[in-house]
Amino acid sequence: MSKAPMRVAVTGAAGQIGYSLLFRIASGEMLGKDQPVILQLLDLPQAQKAVKGVMMELEDCAFPLLAGMIATDDPNVAFKDADVCLLVGARPRGPGMERADLLTANGAIFTVQGKAIAENAKEDVRVLVVGNPCNTNAYIARAAAIKVGRTNPNNYHGMLRLDHNRALSQLAAKSGREVSSLKKMVVWGNHSPSMYADYRFCESNGDSVKALINDHAWNNDVFLPTVGKRGAAIIEARGLSSAASAANAAIDHVHDWVLGSSDWVTMGVPSDGSYGIPEGVVFGFPCECKDGQFKIIQGLEIDEYSKGKIAITLKELEDERAAVADMLK
Ligand SMILES: NC(=O)C1=CN([C@@H]2O[C@H](COP(=O)(O)OP(=O)(O)OC[C@H]3O[C@@H](n4cnc5c(N)ncnc54)[C@H](O)[C@@H]3O)[C@@H](O)[C@H]2O)C=CC1
Ligand SMILES: O=C([O-])CC(=O)C(=O)O
């Protein structure tokens, strides 16, 4: 007998990430090739016509696993009974807009959406925030959801997987090893240039990747800036921000969370105090997933250099948290 469909809500469905994401969800790449899905698409009123166009294309693919879809501009409808919510839609930074303005504009969106999720979605809903600033947007949605109760506060994540995948590709190129051979990558912190991509624990076919590369200057002066500023480099080259790679990372995050990971994966999860990160801060940690649950890898040694890097990205997140504190009272 076929499985009951899972309901996947996607916000910003008419946007460029949405266009890369929805077809892959509907083809079974996110939740499994035997898992029917119902897509619940949220976008702004002015984008409803474009969402309808995307739905027409989804229909035209005749995906066997696509068991239904709806389009709406009402978060309460979009998140109704959702098993997974992908929060992609966000307010982009406009001309002359300061970072604080961006945080406030997004705070307004993510408080509404966090509340609507907590009131409408399944109690064990899994939420992944892609829309930037994604760690703090996830923090805001989680705070709004906690006020309602019902859903699991640990299940509000921010997306660090794109940074993780970017780091793996850079390391594969530098070490000459296949990307699939690289294990135990970690990206600590915020999805921003302050993130700390840390390959000290990385292995390839039993060899230490750090020992293979053995080049601190490359790590500090080339690798970290390349991974940290990759989003800006893509905007510069394409004239548009990363979309297919961001959609791919969202698929990877949710796939591994639901179906299990075969390696460490970086997830932006609410801190439980691990590694001295204050509780509740949505922070990139090394995680493992099994039986539908994620867990932060414990006991990794943090050397002085890494402590300094982690402190910088944490400080940025704490400043973002302070900037939105009034909105969450
Ligand atoms: N975490 C990550 O690694 C990455 C995050 N991003 C972020 O993802 C977000 C989306 O990127 P794109 O799809 O390229 O943008 P886009 O501008 O092409 O699409 C955004 C869509 O969201 C919709 N939207 C805006 N506010 C909304 C709201 N309150 N509710 C529902 N829908 C709303 C817009 O109407 C639009 O259709 C951006 O914030 C971008 O910075 C992009 C790449 C990587
Ligand atoms: O800056 C953006 O909107 C895109 C982004 O997050 C990335 O590519 O990492």
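Residues numbered from 1 in each chain as written. Chains lettered and ligands numbered in written order. Predicted model: local features only at pLDDT ≥ 70, side-chain atom pairs only at ≥ 80, totals over all residues. Heavy atoms only, no water.

Draft legend 1. Quick peek at the domain arrangement of the chain. Partitioning the chain into structural domains gives domain 1 (6-158) and domain 2 (160-324). Taken together, the 33 residues of domain 1 in the interface contact 37 residues of domain 2. Taken together, domain 1 and domain 2 are joined by 0 salt bridges. Put simply, domain 1 and domain 2 have 11 residue pairs in polar contact (both at pLDDT 80 or more) between them. (Domains from an automatic or database assignment. Contact = heavy atoms within 4.5 Å. Salt bridge = Lys/Arg side-chain N within 4 Å of Asp/Glu carboxyl O. Polar contact = N/O pair within 3.5 Å; in protein donor to acceptor, adjacent residues only side chain to side chain.)

Draft legend 2. Just the site of ligand 1, in detail. Near ligand 1 lie 22 residues; those nearest to it are Q16, I17, D43, V130 and N132. The separation between an oxygen atom of ligand 1 and a polar main-chain atom of I17 is 3.0 Å. In the environment of ligand 1, a nitrogen atom lies 3.2 Å from a nitrogen or oxygen atom belonging to the backbone of V130. Protein burial of ligand 1: of its 870 Å² of free accessible surface, 80% is covered by the chains. Of all the elements in the fold, those that place two or more residues in the shell around ligand 1 are α1 (16-26) and α4 (99-120). Of the residues contributing to the shell around ligand 1, the split by class is 11 nonpolar, 10 polar and 1 charged. Here the shell around ligand 1 gathers at least three residues from each of two domains, domain 1 (6-158) and domain 2 (160-324). (Near = heavy atom within 4 Å. Areas by Shrake-Rupley, 256 points an atom, 1.4 Å probe, with all protein chains shown as cover. Helix = DSSP H or I, 4+ residues; strand = E, 2+ residues; numbered from the N terminus. Nonpolar A, V, L, I, M, F, W, Y, C, P; charged D, E, K, R; others polar.)

Draft legend 3. Here's a closer look at the site of ligand 2. Around ligand 2, the neighbouring residues are N132, R166, H191, G231, I235, S241 and S242. H191 places a polar side-chain atom, nitrogen or oxygen, 2.7 Å from an oxygen atom of ligand 2. Measuring from an oxygen atom of ligand 2, one finds a side-chain N or O atom of S242 at 2.6 Å. Here ligand 2 loses 70% of its free accessible area of 270 Å² to cover by the protein chains. Split into classes, the residues belonging to the shell around ligand 2 amount to 1 nonpolar, 5 polar and 1 charged.

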